[in-house]
Amino acid sequence: PSSHNGSTEDCCVKVAVHVRPLIADERAQGCKDCVTVVQGKPQVQIGTHSFTFDHVYGSTGSPPSAMFEECVAPLVDGLFHGYNATVLAYGQTGSGKTYTMGTGFKDGCQTGIVPLVMNMLFSKIEALKHQTEFQLHVSFIEILKEEVRDLLDSTSVNKSDAANGHTSKATILGKPPIQIRESSNGVITLAGSTDVSVSTFKEMAACLEQGSLSRATGSTNMNNQSSRSHAIFTITLEQMHKLSPVIPEDNSLNGSANEEYLCAKLHLVDLAGSERAKRTGSDGLRFKEGVHINKGLLALGNVISALGDEKKRKEGVHVPYRDSKLTRLLQDSLGGNSRTVMIACISPADINAEETLNTLKYANRAR
Ligand code: ADP
Ligand code: MG
C-alpha cells in the first residue's frame, strides 16, 4: 500500500478534504462507497492508497460547522488584521464544490462557506463598529476560456451560445474586456468589473444570489459552462481604526495621524471541474475550453506546490503566477502574508474512484 503524508505544520497553504455522502443518483446506479475516512486522523483511504491532509471531513463524525470553524474562520479573522486570504474548492464536477462553497446560493438558503463567512463578517463588524469604520465591497466574476466575465453586471444580456461561444459578451456589447492589473506595490485589481458596496448581510446575499443565477443562466443547453469555469466571489474589507477617540478642542492634531487604515480581501473560489477534458465536441471548441481549464488548474497546482515547498521558497524559486488568469488574479492572496485553504471535494462512489484518486493526488501535491 502506498502512503502519502503531505501534512506539515507551519505552511501558508492548508489542505482539507471533504467527502460528501453518496447522492440519490449514485445510489440509484448501485454505486458502492469506496472511500474510507480513518477515525481520529485526518486521513482518507481509497483502494490501496492512503493520504493524510490537514483536515478530512466525512459524511459521518464531524459536524457541518467544523470545516468552517477550523479552515475558514481563522481567515475571516485575518481579514480584520489586514491579511488577504483565499479559499478554493477543487474537485471533479458533481463532487460538491458548489454545495460546499455555497456559491449556488438561492432562495435564502444559507448553507455553505460563503453564507457562513458573511454571517461571521457582519457579526464581527457589529461588535467592532464603535471603534472602527468599515467598508465592504464584493465582486463576483467567472473565468472561462481565460476570459473574465462579470457575474454582477446586470446591464449585460447573455448572448453567447454554442454557436458563437467564442464571442464574449463584452465584445458584443462593445465593452472593453475586464483586465487584471497589478499596482506598483503588488496589489492586484480587476479593471472594468462591477464592485458593489454593501453594508448589510442582505445586500451581500443579493450579490451572491445574482451572480449565482447569472452563472447558471450563462450556461447553454449544449454545454454546462459552470463546470468548466472558475467562479470567484471576492469580499474586500476596508477599515479605519479610530486609534485616538479624544480630539483636542483646538484641533491641533491632524485626524489622519491618529487613524490606521487596513484593506484586505477574501477570495472564495469555486473552481472548474477537475475531470480530464474529453474531446466530445464536433468542432473541437469544447476541447479548447478543456485545455484552458487545465491551464488554470495546472497553474494553480504549480503555484501552490511552489509555495508549500519551504526549501524552494527559501531559495527564492520563481512562483509561476503569470501562467493563467486564475493565478494572476489570486497572486496577492496566495502566498506571502496571505492565507490559503484548499478544500478538495470528493465523491465516495466507486464509479468516481479514478477521478477521486486524481483529486487526492493533486491536493497532496499542493502540500
Ligand atoms: P460540483 O459543484 O462539484 O459540480 P455540486 O455542489 O453541484 O458539485 O454537488 C453535486 C450534487 O451533490 C448536488 O446534487 C448536491 O446537492 C449534492 N451534494 C454535494 N455535497 C453534498 C453534501 N455534503 N451533502 C449532501 N449532498 C451533497
Ligand atoms: Mg458546481
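Residues numbered from 1 in each chain as written. Chains lettered and ligands numbered in written order. Predicted model: local features only at pLDDT ≥ 70, side-chain atom pairs only at ≥ 80, totals over all residues. Heavy atoms only, no water.

Peer 1: Just checking my understanding: could you explain the site of ligand 1 for this structure?
Peer 2: Ligand 1 sits among H18, R20, P21, I23, Q92, T93, G94, S95, G96, K97, T98 and Y99. G96 is positioned with one of its backbone polar atoms (N or O) 3.0 Å from an oxygen atom of ligand 1. At 2.8 Å, a backbone N or O of Y99 approaches an oxygen atom of ligand 1. Among the elements that line the shell around ligand 1, the one with the most residues is helix 3 (residues 97-101), at 3 residues. (Near = heavy atom within 4 Å. Polar contact = N/O pair within 3.5 Å; in protein donor to acceptor, adjacent residues only side chain to side chain. Helix = DSSP H or I, 4+ residues; strand = E, 2+ residues; numbered from the N terminus.)

Peer 1: Looking at this structure, I do not really get helix 4 (residues 113-128). What am I missing?
Peer 2: For the α-helix, the turn length of 3.6 residues means that residues three or four positions removed from each other point alike. Its 16 residues give helix 4 an end-to-end C-alpha distance of 22 Å, which sits within 8% of 22 Å, the value for a rise of 1.5 Å per residue. For helix 4, every residue scored as buried is listed here: I113, V114, P115, V117, M118, M120, L121, F122 and I125. (Expected span 1.5 Å × (residues − 1). Buried < 20%, exposed > 50% of the residue type's maximum accessible area, 1.4 Å probe, protein only.)

Peer 1: Got a minute to help me understand the side chain of D54 in this structure?
Peer 2: Structurally, the position occupied by D54 is in the loop between strand 5 (49-52) and strand 6 (55-57). A relative accessible area of 14% means that D54 is categorised as buried. Within the structure, D54 has its side chain in polar contact with the backbone nitrogen of V15 (distance 2.8 Å).

Peer 1: In this structure, what is going on with the packing of helix 2 (residues 65-79) against helix 4? I would like to understand it.
Peer 2: If you want to describe how two helices pack, look at the angle between their axes and the distance between the axes. Interhelical geometry of helix 2 versus helix 4 gives an angle of 45° and a closest axis separation of 10 Å. As summarised for this structure, helix 2 and helix 4 are arranged oblique, according to the angle between their axes. In this structure, helix 2 crosses over helix 4, and the sense of that crossing is right-handed. Facing helix 2, whose interface residues are M67, F68, V72, A73, V76, D77 and L79, helix 4 presents I113, L116, V117, M120, L121 and K124. (Axes fitted to C-alpha atoms, helices over the stretch in contact; angles between N-to-C directions. Parallel < 35°, antiparallel > 145°, perpendicular 65-115°, else oblique. Left-handed = near helix turned anticlockwise from the far one by under 90°. Contact = heavy atoms within 4.5 Å.)

Peer 1: Looking at this model, I keep getting lost on the nonpolar core. Mind explaining?
Peer 2: Inside soluble globular proteins, nonpolar side chains tend to come together where they are buried. V117, M204, F233 and L268 are the most contacted members of the largest nonpolar core, which totals 46 residues. When residues of this core are traced back to their parent elements, those giving at least two are helix 2, strand 7 (85-90), helix 4, strand 8 (132-144), helix 6 (201-218), strand 13 (230-242), strand 14 (259-270) and strand 15 (339-346). It is helix 2 that contributes the most residues to this core, 9 residues altogether. Once you skip the residues sitting within four places of it in the chain, V117 turns out to touch F68, V72, V76, I235, L266 and L268. (Core = buried A, V, L, I, M, F, W, Y, C linked by side-chain atoms within 4.5 Å.)

Peer 1: Just checking my understanding: could you explain the confidence of the model for the chain for this structure?
Peer 2: Low pLDDT means the predicted atomic positions in that stretch should not be read closely. Predicted confidence across the chain gives a mean pLDDT of 83, with 76% of residues reaching 70 or more. The least confident element of the chain, judged by mean pLDDT, is helix 5 (residues 169-173) at 50; the most confident is strand 12 (residues 196-198) at 98. The low-confidence segment residues 6-10, where pLDDT is below 50, has 9 contacts with residues more than four positions distant or belonging to other chains. Here residues 157-171 is modelled with pLDDT under 50, and outside its nearest four sequence neighbours on either side it reaches 26 contacts, counting other chains as well. On the interface metric, ipTM, the complex scores 0.99, and its pTM is 0.87. (pLDDT = per-residue confidence, 0-100.)

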